[in-house]
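Observations on the three-dimensional arrangement
Residue-level listing of the chains:
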Amino acid sequence: MDLARLRDADLAALADAAATWRGFAVRLYEVDDALPARVIGPLAAMTGEATTAAQESLASLRGLLESRAMRAEAMADVFEQVHDGLTPLQRDLRTLLLQADAERLTVGEDGVVTAPEVAPVHHEYTDAIAGILSRAETLEASAVAAVTDITPERIGVVGVVGAHEFNDVRDDAHENGIALDVPRPRDGMSPEEARDWWNGLGLSGQRAFLLAYPEEAGAMDGLPTGVRDEANRWNLRRDIEVGWDRDAAADMLAKLESRDHLPPEKRAYLISYQPPGPNRDPDARIVASIGDPARAANTGIYVPGMTTDLPSFSAPDGGFDRTVAMYNATDKFTDAETAMVFWLGYDPPDAPDLAEPGHLAAGMSDNAANAGTPGLDRFINTLNATHDDSIPSHTTVVAHSYGSTLTGIADSTEDGLAVDDILFVGSPGVEVSDAEDLHVGAEHVWVEAADDDEISYWGNHGTDPAGEDFGANRLLTDTPGHSGYWIEDSISLNNMGAILADHPEKTTRTDPRNEFLGMVVE
Amino acid sequence: MLFSVDLPALHATADAAEDLAGTLTEAARVLDGGTAELADRLPGWGFPTTSRDLVAVIWLPDQESARARLRAISGALRDTANAYALTDAANAAGIGG
């Protein structure tokens, strides 16, 4: 580094270059953000080989844009760091030169300072200048290395699709956390604090965090629904590549993507995803929504029962289809925005093994329900805390089978659940004997129990909620068995929709059961 | 109609892909200009020159690849829309079908 180059450098050019790279990154993020709604979504409504190829190409393109944008940000960081490092060095150098001049010393272009009347070389000044120039040279060399290192070809991802590319980028981001300046949240933030932190990041900071820490972003209460969906879909795609139940994970992604062409208020969002372990032990944890609960005037939370897992989510008439059915049923009763959440934030008991004595033990036990109640309570509190204040909010839990046991425990202990209505469907009991024992209040407790739903007669978790003694509002059902309540256009489903839409006056009611029929599963 | 195809949607999607390709073109142009300006304003410095060289040989071609994908999709959508429109016209005139 020679003296004149540092002394005369237009260092503001470095700040401008940083802004150029930052702007470039923002443009790439904007295109990446626009693709789902403007191109990928509309294409999803079309079929054919060419459309499939286009979809694959666009998925790959998004990965490309994201990795390039992150690297462009890193370039901006390099230029900023060099600017910040060189500016004080240049200032110190200029100050030294002024002082030397004031003392009538001569500074050569090689940085050697002489004072002819006193001594041939003025070592103090010379050494100071040499030190400054040496530091500047080190900075310059590291900048050259960084600029070369950050280029896209170094990660070799051009045109590569999928998780491998993403993992490369993420791992690289982790390794270069400081240089890439990926923002980090504080530990222990509340959902409201997390929301404010996120809003303060700006687009580029948000994208960097999302790309570098998708697991964290996907699980962070308080982040926007769309952001969590994006992060969790990355996590799901990774699970499709390397997980324990890849086919089921792929089926789930297909279900979610089947609504990507719809407007945002009707799309599917993956709010939380924890992949299953080996042999589905533990089962996956899934929270998915049709519509955005943060903006919905009516939000339903469907708590499913025993045997619910990753495969059953996507099965015909499974968790996803039921959630869509309830969303559509609600939508019929209201013009306001609706959200219907599938909440599998707990590990329900698996299917009983009928060949084994005591096969019903798991379903008889409250263990899984007790373990799940804090999660449901926390999820509902988060929904309320992050709901758009300008929109009224009515929240209902629709709890099926063993899910009703969990919900009953959750709403009868501590301060209960922060919801307006609870609807028990096919319930084997909710561990309280009277609807008045629930915090939501008896007038807001609703029950659907089909006459031929054997499980609803079990009573193995307490008083029959459809019975006279319990004191809930029983709704008419016209569907068969324990799993038929979601049949399209049925009275059972329409009644759910009316409760979810906060129109109880539009339900069809029936009298509570006045006897225990004592049906037993052999 | 012989086919049930939403032609306006096809055109709108093609327009969107072309529009986004245009955004990338403009972004690449600004980047190219910015790195050239940096090299001009800091003559004799190593990394502005390195940066400019790498933008020319890696970053810009890389962006061109992204733009090309969007344009290919846009073109394919327009071709599809035109083919359907022609088929419909022929069908209406009693030529096809």
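Residues numbered from 1 in each chain as written. Chains lettered and ligands numbered in written order. Predicted model: local features only at pLDDT ≥ 70, side-chain atom pairs only at ≥ 80, totals over all residues.

1. Focus on the overall build of chain B
Put simply, the rule is: Secondary structure is summarised from DSSP: a helix means a run of H or I of at least four residues, a strand means a run of E of at least two, and numbering begins at the N terminus for each. By the convention adopted here, residues make contact when the C-beta atoms placed from their backbones lie within 7 Å.
Broken down by element type, chain B carries two helices and zero strands. Within chain B, residue pairs in contact and separated by at least 24 positions form 74% of the contacts whose partners lie at least 6 positions apart.

2. Points about the overall build of chain A
Per the secondary structure count, chain A includes 18 helices and 10 strands. For chain A, contacts bridging at least 24 residues in sequence account for 70% of all contacts bridging at least 6.

3. Here's the deal with the packing of helix 15 (residues 367–386) of chain A against helix 16 (residues 402–412) of chain A
Residues and elements named next belong to chain A. Inclusion rule: Every angle, taken between N-to-C directions, lies between 0 and 180 degrees, and every axis is a line fitted to C-alpha atoms, over only the stretch in contact when it is a helix. Working rule for angles: under 35 degrees goes down as roughly parallel, over 145 as roughly antiparallel, 65 to 115 as roughly perpendicular, anything else as oblique. Here a crossing is taken to be left-handed if its near helix is turned anticlockwise relative to the far helix by less than a right angle, and right-handed if that turn runs clockwise. Three residue categories are used. Nonpolar comprises Ala, Val, Leu, Ile, Met, Phe, Trp, Tyr, Cys and Pro, charged comprises Asp, Glu, Lys and Arg, and polar comprises the others, including Gly.
The N-to-C vectors of helix 15 and helix 16 enclose an angle of 65 degrees; their axes lie 8 Å apart at closest approach. As the angle between them shows, helix 15 and helix 16 are arranged roughly perpendicular. The two elements helix 15 and helix 16 cross, and the hand of that crossing is right-handed. On helix 16, the residues touching Ala 369, Asn 370, Gly 372, Thr 373, Leu 376 and Asp 377 of helix 15 are Tyr 402, Thr 405, Leu 406, Ile 409 and Ala 410. A breakdown of the residues in the contact of helix 15 with helix 16 according to their chemical character gives six nonpolar, four polar and one charged.

4. Some points on the interface of chain A and chain B
Across the contact, 34 residues belong to chain A and 29 residues belong to chain B. For the side of chain A that touches chain B, the elements supplying multiple residues, two or more each, are helix 2 (12–44), helix 3 (49–102) and helix 4 (123–149) of chain A. The dominant element in the side of chain A that touches chain B, judged by the number of residues it contributes, is helix 2 of chain A, at 15 residues. Class assignment of the residues belonging to the side of chain A that touches chain B gives a composition of 21 nonpolar, five polar and eight charged.

5. Some words on the confidence of the model for chain B
If pLDDT is low for a region, its predicted coordinates should not be looked at in detail. For clarity, the cut-off: In predicted models, pLDDT denotes the confidence assigned by the predictor to each residue on a 0 to 100 scale.
Per-residue confidence for chain B gives a mean pLDDT of 82, with 87% of residues at or over 70. Across the interfaces of the predicted complex, the ipTM metric reaches 0.87, alongside a pTM of 0.64.

6. Considerations on the pairing of strand 5 (residues 298–303) of chain A
Residues and elements named next belong to chain A. Where we set the bar: The burial criterion counts other C-beta atoms lying within 10 Å of a residue's C-beta, which is placed from the backbone; the residue is buried at 20 or more, exposed at 12 or fewer, and partly exposed between these limits. For two strands to count as paired, DSSP must find a minimum of two bridges between them.
Judged by how many residues are buried, strand 5 sits mostly within the fold: six of six residues are covered. The two faces of strand 5 match: Asn 298, Gly 300 and Tyr 302 on one face and Thr 299, Ile 301 and Val 303 on the other face are all buried. The pairing of strand 5 with strand 6 (residues 338–344) spans five bridges and is classified as parallel. The residue bridging Ile 301 from the neighbouring strand is Val 341, located in strand 6. Relative to strand 7 (residues 394–400), strand 5 is paired through six bridges, and the arrangement is parallel. What sits directly across from Gly 300, in strand 7, is Thr 396.

7. Looking at the packing of helix 2 of chain A against helix 1 (residues 7–41) of chain B
Remark: helix 2 of chain A packs on helix 1 of chain B, axes separated minimally by 9 Å, with the N-to-C direction vectors making an angle of 170 degrees. As summarised for this structure, helix 2 of chain A and helix 1 of chain B are arranged roughly antiparallel, according to the angle between their axes. Residues that form the contact of helix 2 of chain A with helix 1 of chain B fall into these classes: 19 nonpolar, five polar and four charged.

8. Structural notes on the environment of Asp 8 of chain A
All names here are of chain A. Position of Asp 8 among the secondary structure elements: in helix 1 (residues 3–8). With 12 C-beta atoms packed within 10 Å, Asp 8 lands in the exposed category. In sequence terms Asp 8 and Arg 94 are 86 residues apart; their C-alpha atoms lie 9.3 Å from each other.

9. What about the nonpolar core?
Basically, it comes down to this: The term nonpolar core refers to a group of buried residues, namely Ala, Val, Leu, Ile, Met, Phe, Trp, Tyr and Cys, whose C-beta atoms join them within 7 Å.
By size, the foremost hydrophobic cluster in this structure holds 80 residues, and its most contacted members are Trp 21, Leu 28 and Phe 79 of chain A together with Ala 17 of chain B. Here the element with the most residues in this core is helix 3 of chain A; it accounts for 18 residues. Beyond its immediate chain neighbours, meaning those up to four positions away, Trp 21 of chain A contacts Ala 72, Met 75, Ala 76 and Phe 79 of chain A. Counting 75 residues, the second-largest nonpolar core is a separate cluster that includes Met 252, Leu 344, Val 398 and Val 447 of chain A.

10. A short note on helix 15 of chain A
Residue and element names in this part refer to chain A. As a reminder of what qualifies: In a helix, the anticipated span is given by 1.5 Å times the number of residues less one. The quantity called bend is, for any residue, the angle between two axes fitted respectively to the seven residues ending at it and the seven beginning at it.
Over its 20 residues, helix 15 extends 30 Å from the first C-alpha to the last, a length consistent with the 28 Å expected when each residue adds 1.5 Å. The largest bend in helix 15 is about 30 degrees, located at Thr 373, with the proline Pro 374 one to four residues further on. Buried residues along helix 15 sit in contact with helix 7 (191–199), strand 4 (285–290), strand 5, strand 6, strand 7 and helix 16.

11. So, the sheet that holds strand 10 (residues 473–475) of chain A
Residue and element names in this part refer to chain A. With mixed pairing, eight strands are arranged side by side in an open sheet as 3-4-6-5-7-8-9-10. Both outer strands of the open sheet, strand 3 (268–274) and strand 10, are each paired with one neighbouring strand and no more. Neighbour-to-neighbour, the strand axes of this sheet turn through a mean angle of 20 degrees, independent of strand direction. Together, strand 3 and strand 4 form the strand contacts of helix 10 (residues 225–242), whose direction differs from that of strand 3 by roughly 55 degrees. Along the sheet, helix 16 contacts strand 5, strand 7 and strand 8 (421–425); its crossing angle with strand 7, the most-contacted strand, is approximately 135 degrees.

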